[in-house]
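# Fold and geometry: a report
Read off the chains here:
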Amino acid sequence: MGSDNRARHVAIIMDGNGRWAKRHHLPRAMGHQRGVEAVRKLVRSLDSTGLECLTLYAFSSENWKRPEEEIGDLMNLMRRFIKSDLPEFVANDVRLKIIGDWKGLDPDIVKMLEDALEQTAKGSRTLAVALNYGSQQEIARAASKAAAAGEITPETIAAHLDTADLPPLDLLIRTSGEVRLSNFLLWQAAYAEMWFTDVLWPEFTPRHLAAALEEFAKRERRYGGR
Ligand code: FPP
């Protein structure tokens with residue numbers, strides 16, 4: 001046992017808001033709203049997890065295919081979340097980071113995010129939020145930059161990914177019983193452990209994260225060696 005087995009960076013595909021709402025005979029928007037509450041609780045527990053970074057898949061580049069009303073609901077939740085929780089991030093030493101093509105979001109959200117990034121820049125634990133994020137697009141962008149700089153190698157691509165300044169991904173969690181990556185952190189997950197749970201995102205709590213981290217600490221990672 002030792003600090004070697006402790007996860008530094010966990011990423012989560014937060015899935016099942018819609019099914020949670022359906023099960024409770026509520027509108028989908030309520031599922032997303034409860035999903036934000038689950039995010040809030042997790043961020044509040046970040047310090048006690050010992051993690052350096054938590055990365056959350058909040059809006060994928062494929063989510064634009066959803067009905068306009070649902071996209072509007074998700075964007076409004078984002079606006080409200082930043083507005084209400086930013087002071088808490090600052091007080092709790094949380095650094096916000098955004099990955100994905102987020103500059104393509106509505107200008108007022110981009111402005112709010114830029115302001116939030118600036119205010120939280122000195123935080124010691126990172127909350128990375130994937131917005132308008134697609135992993136294949138991210139890899140293509142990074143490869144173009146690597147090529148423009150002279151050489152395409154795994155190292156030069158990695159150095160241009162949105163996550164270049166984050167610790168290596170240790171553990172990837174997906175909720176709601178789905179077992180796929182859905183264009184999330186494909187490159188970064190090369191040696192990550194996976195943890196799948198049937199729990200729907202609005203019901204995911206810091207205790208579930210603690211259970212995943214406990215199991216992670218017991219796993220033996222070989223990185224292709226033996
Ligand atoms: C999946 O549920 C969830 C999403 C597409 C969005 C995740 C967003 C949040 C939890 C809220 C916003 C986050 C922040 C950080 C403010 P689904 O709708 O695909 O559920 P279903 O598969 O059961 O229909």
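The present account deals with the structure reproduced in this document. Every value quoted in this text rests on a predicted model; they were computed, and no experiment measured them. (Residues numbered from 1 in each chain as written. Predicted model: local features only at pLDDT ≥ 70, side-chain atom pairs only at ≥ 80, totals over all residues. Heavy atoms only, no water.)

We now examine helix H6 (residues 135–148). In this model, H6 (14 residues) spans 20 Å end to end at C-alpha, consistent with the 20 Å of a helix rising 1.5 Å per residue. Listed as buried for H6 are Ser135, Glu138, Ala142, Ala143 and Ala146. Buried residues of H6, seen end-on, are gathered within an arc of 130 degrees and therefore sit on one face of the element. Exposed residues lying more than 90 degrees from the buried face of H6 are Gln136 and Ala148. At its buried positions, H6 is contacted by strand E4 (125–133) and helix H7 (154–159). (Helix = DSSP H or I, 4+ residues; strand = E, 2+ residues; numbered from the N terminus. Expected span 1.5 Å × (residues − 1). Buried < 20%, exposed > 50% of the residue type's maximum accessible area, 1.4 Å probe, protein only. Arc of directions from axis to C-beta. Contact = heavy atoms within 4.5 Å.)

All right, on to the packing of helix H4 (residues 68–91) against helix H5 (residues 107–120) then. Their axes nearest at 11 Å, the elements H4 and H5 cross at an angle of 15 degrees. On the basis of the axis angle, H4 is roughly parallel to H5. Our pair here, H4 against H5, has a crossing hand that is left-handed. Taking contact as the criterion, the partners of Met75, Arg79, Ile82, Lys83, Leu86, Phe89 and Val90 in H4 are, on H5, Asp108, Ile109, Met112, Leu113, Ala116, Gln119 and Thr120. For the contact of H4 with H5, the class distribution of residues is nine nonpolar, two polar and three charged. (Axes fitted to C-alpha atoms, helices over the stretch in contact; angles between N-to-C directions. Parallel < 35°, antiparallel > 145°, perpendicular 65-115°, else oblique. Left-handed = near helix turned anticlockwise from the far one by under 90°. Nonpolar A, V, L, I, M, F, W, Y, C, P; charged D, E, K, R; others polar.)

In this section: the side chain of threonine 163. Structurally, the position occupied by threonine 163 is in the loop between H7 and strand E5 (171–174). Judged by relative accessible area, threonine 163 falls into the buried class, the value being 10%. Apart from the residues within four sequence positions on either side, threonine 163 is in contact with Ile99, Glu138, Leu185 and Gln188.

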